[in-house]
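Each chain is listed here by its residues.
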Amino acid sequence: MGRDVTATAFTREDRQRYRQKVRRSLDVFARMLGEARFDDEPRSAGLEIELNLTDQRGDPAMLNAAVLETIADADFQTELARFNVEINIPPRLLQDSVFGRLEGEIRASLNHAEERARTVGANMMLVGILPTVGPEHLTEDSFSDNPRYRLLNESIFAARGEDLELAIDGVEKLATFADSIAPEAACTSVQLHGQIDPGGYATRWNAAQAIAGVQLALAANSPFFFGKELWRETRIALFEQATDTRPEELKAQGVRPRVWFGERWITSIFDLFEENVRYFPALLPVCEEEDPLEVLERGDVPHLPELRLHNGTIYRWNRPVYDVVGDRPHLRVENRVLPAGPTVADILANASFYFGLVKVLAGEERPVWSQMSFSAAEENFHAGAHDGIDATLYWPGLGQVPATELVLRKLLPLAHQGLEELGVDAAHRDRFLGIIEGRCITQRNGAAWQAAMFHRLYDDSRLDRGEALRRMTLRYRELMHSNQPVHEWPLDSPL
């Protein structure tokens, strides 16, 4: 949600005042866009990586407070559940050997954090959904010690008025109910932040939406939840359902979900913030003292806290971000599509592909989104999540095509071109995009490896389902530390 919120009870007056502040902030934001007041470095990018904490047996370890205390690094922060933490990677320019340097820096940070975490009985794991997580790990008691999470939980259930239904139909079927938003904590992701000037924002966001299904097909890494094999990227379906404020009647009326792909291509970042204000009531109506118009008119930069907090409770897969750093406002696309893991090398391969491809697609004279419907992009998104590396996707000029063929024939050369235009060194382009190529050739990403290893243990070795998932998880954790890309991981039995 972007910042801490003090636990409180909200009155009708709080909600009315908040709505007025958000609308006033939207007017100020529109003025700022018109007056070109933004930092416009288009190559600045950052990452956030969410992690699971596991115990020696591979089960969730509810130890994030102790882990963060022993790590003692401001880059590591709490997340929703006590078995989650997050590392924030400071932004840097996309040029030269940036991805190679990032690989070394992130691995060093995570290795240090892992060493410290082990002193309190925890191990870190980069995975979209921890395969060993069960209903007993996802209750209100699992929330981290931060009042914002309980307050958000109360607000969502006050809006719903009933328990959450989780119904996911994949290789197997899951049908259950949850009495809190704790299942959301099972979803751990990598968020890619790309800074952009207001004039180029719409093309960057549209390009990111157009390739979201491809990203999921390539990077799927969440095939198991509550012991069942579901979607290849089950995290998408789970997150959509675990924070849904709508009872069935509001769904039938067409009320928009707060976890949202969107419904149209945009012409300005203002479109997205205006949709936020028009369609979504406040979950956390916390007002600050800032008068944004007064701040703007005296020549200072408003922080627009109400507009930003409201935006932080609307979970677009490509989220618009307004931020102020060093008294300079800037805009970012926050790409929230990717799962965590399997390795740091895989994460940076996904990032390289995304930033390179978006760079080219956003600059095309006849952009891809002018040749395909928005609904086709959304269908690709869910197909990539459901089927992973085996997905069939739509692409203009090619029609329905296997995702791996689309990437190898069309998109991988464009990603190379984009990274070259950004000034990324050839050796690093080849290394990280070579990982994407390797996944396509072997038809193996994180989800495919997890499923294959599980079935080797469950079907071939006749292990109990829970034990097969546990042993697969422990083998995954071991291979993760090698930093060997997942398409090269062996399928040897860890018996």
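Nothing here was measured: the structure is a model prediction, and the numbers come from that model.

Chemist: Before we move on, could you go through the overall build of the chain and cite the residues and values that matter?
Modeler: Counting secondary structure elements, the chain contains 17 helices and 15 strands. Taking the principal axes of the C-alpha coordinates as reference, the chain spans close to 70 × 50 × 45 Å. Expressed as a percentage of its 495 residues, the buried residues of the chain come to 60%. In the chain, the share of contacts with a sequence separation of at least 24, taken over all contacts with a separation of at least 6, comes to 76%. When the accessible surface of the chain is split by element, carbon and sulfur atoms take 45% of a total near 18900 Å². Side-chain charges in the chain split into 54 positive and 76 negative, and the spacing between the mean points of these groups amounts to 1 Å.

Chemist: Tell me about the packing of helix 6 (residues 212-219) against helix 14 (residues 403-422), and please be specific about residues and values.
Modeler: Interhelical geometry of helix 6 versus helix 14 gives an angle of 115° and a closest axis separation of 10 Å. Between helix 6 and helix 14, the angle falls in the class roughly perpendicular. For helix 6 against helix 14, the interelement crossing comes out left-handed. Of helix 14, the residues touching helix 6 (which contributes Val 214, Ala 217 and Leu 218) are Ala 403, Leu 406, Val 407 and Leu 411. Looking at the contact of helix 6 with helix 14, its residues break down into 7 nonpolar, no polar and no charged.

Chemist: Residue-level account of helix 13 (residues 374-387), with values.
Modeler: Between its first and last C-alpha atoms helix 13 spans 20 Å; for 14 residues at 1.5 Å apiece the expected length is 20 Å, and the two agree. By the burial criterion, the buried members of helix 13 are Phe 374, Ala 376, Ala 377, Asn 380, Phe 381, Ala 383, Gly 384 and Ala 385. The elements touched by buried residues of helix 13 are helix 5 (198-210), helix 6, helix 7 (234-242), strand 13 (328-339) and strand 14 (392-395). Positive backbone phi, approximately 60°, marks Gly 388, located one or two places after helix 13.

Chemist: Outline the environment of Thr 132, supporting the account with residue identities and numerical values.
Modeler: Note on placement: Thr 132 falls in the loop between strand 4 (123-125) and helix 4 (147-160). Note on Thr 132: relative accessible area 13%, which makes it buried. It is 9.3 Å that separates the C-alpha atoms of Thr 132 and Thr 54, two residues lying 78 residues apart in sequence. Ignoring any residue separated from it by four or fewer positions in sequence, one finds Thr 132 in contact with Gly 58, Asp 59, Pro 60, His 137, Leu 469, Arg 470 and Thr 473. Side-chain polar atoms of Thr 132 contact the backbone oxygen of Gly 58, separated by 2.6 Å.

Chemist: Would you mind going over the side chain of Glu 48 in detail, with residue names and values included?
Modeler: Among the structural elements, Glu 48 can be located in strand 1 (residues 44-54). Buried Glu 48, no salt bridge; nearest opposite-charge side chain is Arg 332, N-O distance 5.7 Å. For Glu 48, the side chain forms a polar contact with the side chain of His 193, separated by 2.4 Å. Sequence-distant contacts of Glu 48, that is, excluding residues within four places in its chain, are made with Glu 86, Ile 87, Asn 88, Ser 189, Val 190, Gln 191, His 193 and Glu 334.

Chemist: Please set out the pairing of strand 3 (residues 84-93) residue by residue, giving values where relevant.
Modeler: Burial analysis of strand 3 places 7 of its 10 residues in the buried class, which makes it a mostly covered element. Here strand 1 runs beside strand 3; their pairing, made up of 8 bridges, is antiparallel. Bridge assignment links Ala 45 to a residue of strand 3, and that residue is Arg 92. In the sheet, strand 2 (residues 76-78) pairs with strand 3 via 3 bridges, with the strands oriented antiparallel.

Chemist: Describe the nonpolar core, naming the residues involved and giving the relevant values.
Modeler: If you look at the biggest cluster of nonpolar residues, it comprises 164 residues, and the most contacted ones within it are Phe 29, Phe 99, Phe 225 and Phe 353. A per-element tally of this core places helix 12 (residues 344-361) first, with 13 residues. Not counting residues up to four positions away in its chain, the partners in contact with Phe 99 are Leu 94, Leu 348, Ala 351, Ser 352, Phe 355, Leu 419, Val 424 and Phe 432.

Chemist: Just give me the short version of the pairing of strand 5 (residues 164-169), but keep the residues and values in it.
Modeler: In strand 5, alternate side chains face the same way, and those of Leu 164, Leu 166 and Ile 168 are buried while those of Glu 165, Ala 167 and Asp 169 on the opposite face are not. As defined by bridge partners, strand 5 adjoins strand 6 (residues 173-178) across 6 bridges and the pair is classed as antiparallel. What sits directly across from Ile 168, in strand 6, is Leu 174. The antiparallel hairpin formed by strand 5 and strand 6 contains 3 residues in its connecting segment.

Chemist: Summarise unusual backbone geometry; cite the residues concerned and give the values.
Modeler: The amide bond that connects Gly 341 to the next residue, Pro 342, takes the cis arrangement and shows omega of -5°. By secondary structure assignment, the location of Pro 342 is in the loop between strand 13 and helix 12. Here Phe 226, not a glycine, exhibits a phi torsion of approximately 50°, which is positive. As for its position among the elements, Phe 226 is in the loop between strand 8 (224-225) and strand 9 (228-229).

Chemist: Which residues make up the packing of aromatic side chains, and what values go with them?
Modeler: In total, this model carries 22 aromatic pairs according to the counting rule given. Ring geometry for Phe 454 against Tyr 458: centres 5.1 Å apart, planes inclined by 20°, an arrangement best described as stacked. With Phe 454 and Tyr 458 both in helix 16 (residues 446-460) and 4 residues apart, the pair spans about one turn of that helix. Judged by its relative accessible area of 1%, Phe 454 is buried. The exposure class assigned to Tyr 458 is partly exposed, which follows from its relative accessible area of 29%.

Chemist: Can you lay out the side chain of Gln 191 for me, pointing to particular residues and giving the numbers?
Modeler: Summarising the element assignment, Gln 191 is placed in strand 7 (residues 189-196). Here Gln 191 falls in the buried class, since its relative accessible area comes to 4%. A distance of 2.7 Å separates the side chain of Gln 191 from the side chain of Ser 189, its partner in a polar contact. Those residues within four positions of Gln 191 in sequence are excluded, and the remaining contacts are Gly 46, Leu 47, Glu 48, Glu 50, Glu 86, Glu 334, Asn 335 and Arg 336.

Chemist: Go over the packing of helix 2 (residues 64-71) against helix 3 (residues 98-118), please, and point to the residues and values.
Modeler: Helix-helix packing is described using two parameters, namely the angle between the two axes and the distance between the axes. Following both chains from N to C, one finds helix 2 and helix 3 inclined at 120°, their axes separated by 9 Å at the closest point. The orientation of helix 2 with respect to helix 3, classified from their angle, is oblique. Like other packed secondary-structure pairs, helix 2 and helix 3 cross with a definite hand, here right-handed. For the pair formed by helix 2 and helix 3, the contact residues are Val 67, Thr 70 and Ile 71 on the first element and His 112, Ala 113, Arg 116 and Ala 117 on the second.

Chemist: Outline the pattern of salt bridges, listing residues and values.
Modeler: Summed over the entire model, instances satisfying the criterion amount to 35 salt bridges. One salt bridge in this structure joins Arg 465 and Glu 172, with 2.8 Å as the shortest N-O distance. Placement of the pair is Arg 465 in helix 17 (residues 465-480) and Glu 172 in the loop between strand 5 and strand 6, with a sequence separation of 293 residues. A relative accessible area of 23% means that Arg 465 is categorised as partly exposed. Glu 172 sits in the partly exposed class, given a relative accessible area of 24%. In this structure, Glu 334 and Arg 336 form a salt bridge, with 3.6 Å as the shortest nitrogen-oxygen distance. Its relative accessible area of 5% is what places Glu 334 among the buried residues.

About the thresholds
- Residues numbered from 1 in each chain as written.
- Predicted model: local features only at pLDDT ≥ 70, side-chain atom pairs only at ≥ 80, totals over all residues.
- Heavy atoms only, no water.
- Helix = DSSP H or I, 4+ residues; strand = E, 2+ residues; numbered from the N terminus.
- Buried < 20%, exposed > 50% of the residue type's maximum accessible area, 1.4 Å probe, protein only.
- Contact = heavy atoms within 4.5 Å.
- Areas by Shrake-Rupley, 256 points an atom, 1.4 Å probe, with all protein chains shown as cover.
- Lys, Arg positive; Asp, Glu negative; His and termini not counted.
- Charge placed at Lys NZ, Arg CZ, Asp CG, Glu CD.
- Axes fitted to C-alpha atoms, helices over the stretch in contact; angles between N-to-C directions.
- Parallel < 35°, antiparallel > 145°, perpendicular 65-115°, else oblique.
- Left-handed = near helix turned anticlockwise from the far one by under 90°.
- Nonpolar A, V, L, I, M, F, W, Y, C, P; charged D, E, K, R; others polar.
- Expected span 1.5 Å × (residues − 1).
- Polar contact = N/O pair within 3.5 Å; in protein donor to acceptor, adjacent residues only side chain to side chain.
- Salt bridge = Lys/Arg side-chain N within 4 Å of Asp/Glu carboxyl O.
- Pairing = 2+ DSSP bridges.
- Core = buried A, V, L, I, M, F, W, Y, C linked by side-chain atoms within 4.5 Å.
- Phe/Tyr/Trp six-rings, centres within 6.5 Å; stacked < 30°, edge-to-face > 60°.

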